[in-house]
Structures are given as C-alpha cells and as structure tokens.
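So you can see what is in the structure, the chains are spelled out below.
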Amino acid sequence: GLVLRVQCLDGRCGKISKVVIDPDSHQPTHLVVKRGRLHVREILVPVSLVAEVTEEAVFLNVTRETLVGLSDYEFTVRKGEYQKTLTVGYPRLHYISYPASNSSFMVLRQRNVPERSVAVEKGMAILDDEGHKVGNVEGIIVDSRKRQGRYLLFQRMHETVPQLISSDLIDDVSEELVRLRIGREYVERLPVYTRRTARRWARESHS
C-alpha cells in the first residue's frame, strides 16, 4: 500500500519521511521513520523489519523501544577543534581575532546508508527520457512480502489524480530527481491510482 503512518507492535511510532533505495535495482533497502515534534529524529529502519504494508500504514515487527534504539538516518561529524575568538584591545574593543586553527574545523552531516544509496522523498521531480519535468513523487507502493518497490506514486503536472509508475520504467534516481525511460506521451497513459487499483494489485501480488 501507500507508505504513510508507521505502527510498531505496541502502537503508533511515527511517519515515513523517506524511502532509501538501491540505485541499481531501484528496490527499497531502508525506510526513514520520522518521530517527535520538538526533538525530531529520523530513524533508519531496514525493510527486513517490515511485517506488513497497507493503504493506511506500515507495520513493523518491533516495539517502539527497539525502534528508538536504531540508528539515525543522518549523524553529525566534527573534525578538528574549535577555539574561541579572541578580543584584542580590552577593555576597549579594537578588533576580534579568529584563531587560524579554526579554518580546519568542520561540521559534517553524514548518512548511515551505503554510499550510492538514494532517498526518495515526496515532492522530488520526475523527468521523462528527454529530461522534461512531467510531475512529482507522491509516495512509493511496496510489496510487503517481497520487500520490493512495485510502483512509484506520482502527481502529473496540472493533474489532480495521482498515477503509478512501475519500477521497471525508472532509468535513474539521484538526490534531487527521478529519470524515466519513457517519453511524455507514455507518461500520460500510465495507470491512475485509486483504492480499487491498490486492492487489485494487492490480490495479484498475494496470489
């Protein structure tokens, strides 16, 4: 089903903010679960922990306590040692001296996923095979038994009803956009997403 709310064994535990996919197979490897309001965390959850996916929620076969103990999607790395600035000419301020060693001080954000992995997020641009924008990502529909991404749900430009893109039609995914293997005229003919479509797909994938 459509990835939205996340349920642990002992209750609701967050929402999906990203789906991390392998750039070669275009299959999901991890889900990023967003938790909290004041102190927000984005937790990296391997798809092997997914028990079921429905139209309303993703069900994990772990408790909330276990989920909280998993790694963050991103973490901060500090390189070097930061030294405080020096005020020269006390008590009257003439100028502020910045220690030269601070030039090598860096704060970096790194991700806990394989280097070439890509996070698919709602709103990412979708381009046809000629590089023209045809719409935006709305979500991803996953086969809960095979842990595979069956379709990408997208909103075509100037349209109100979402449509489905089979993972076979995706050529490449980067940090900012999804490129398709088909032209605009084929994109227009892609199937429309409805609850009836989702139920039929669910029956086919479990038969």
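The sections below set out a description of the structure shown in this document. (Residues numbered from 1 in each chain as written. Predicted model: local features only at pLDDT ≥ 70, side-chain atom pairs only at ≥ 80, totals over all residues. Heavy atoms only, no water.)

As for the packing of aromatic side chains
Stated formally: Side-chain rings of Phe, Tyr and Trp, where Trp is taken by its six-membered ring, are said to pair if the distance between their centres is within 6.5 Å; with planes under 30 degrees apart they count as stacked, over 60 as edge-to-face, and otherwise as tilted. Charges are assigned to positions over rings by a cutoff of 6 Å between ring centre and Lys NZ or Arg CZ, combined with an angular limit of 35 degrees from the ring normal.
Summed over all chains, the structure comprises 0 aromatic pairs. Lying across the ring of Y186, R189 places its NZ or CZ 5.5 Å from the centre.

A short note on the environment of Q155
In plain terms, the rule: Labels follow the DSSP assignment, with helices taken as runs of H or I lasting at least four residues and strands as runs of E lasting at least two, numbered in each case from the N terminus. In this analysis, two residues are considered to be in contact whenever any of their non-hydrogen atoms come within 4.5 Å of each other.
Positionally, Q155 belongs in strand β14 (residues 148–156). Apart from the residues lying within four places of it in its own chain, the contact partners of Q155 are V134, G135, N136, E138, T160, V161 and P162.

Topic: unusual backbone geometry
The cut-off we apply is this: Categorising residues by exposure relies on relative accessible area from a 1.4 Å probe, with only protein chains included: less than 20% of the type maximum marks a residue as buried, more than 50% marks it as exposed, and the intermediate range marks it as partly exposed.
In this model, H158 sits at a positive phi of 65°, which is unusual for a non-glycine residue. Along the chain, H158 falls in the loop between β14 and β15 (163–166). Judged by relative accessible area, which is 79%, H158 ranks as exposed.

Considering the pairing of strand β16 (residues 170–173)
Here is the rule we go by: Strand pairing is assigned whenever DSSP identifies at least 2 bridges connecting the two strands.
Bridge count for β16 against strand β17 (residues 177–180) is 3 bridges, and the pairing is antiparallel. Looking across to β17, one finds that I170 is bridged to L180. Between β16 and β17, which pair antiparallel in sequence order, lie 3 residues.

A short note on the nonpolar core
Nonpolar side chains tend toward joint burial in soluble globular proteins. Note the cut-off: Within this scheme, the nonpolar core is defined by two criteria: the residues are buried Ala, Val, Leu, Ile, Met, Phe, Trp, Tyr or Cys, and they are joined through side-chain atoms within 4.5 Å.
Counting 34 residues, the largest nonpolar core has L60, I126, L152, V178 and L180 as its most contacted members. A total of 4 residues in this core trace back to one element, the largest contributor, which is strand β2 (residues 11–21). If we ignore the near neighbours within four places in the chain, the residues touching I126 are H132, K133, V134, G135, N136, V137, L152, F154, I165, V178 and L180. Residues V20, V32, L44 and V113 belong to the second largest nonpolar core, which totals 6 residues.

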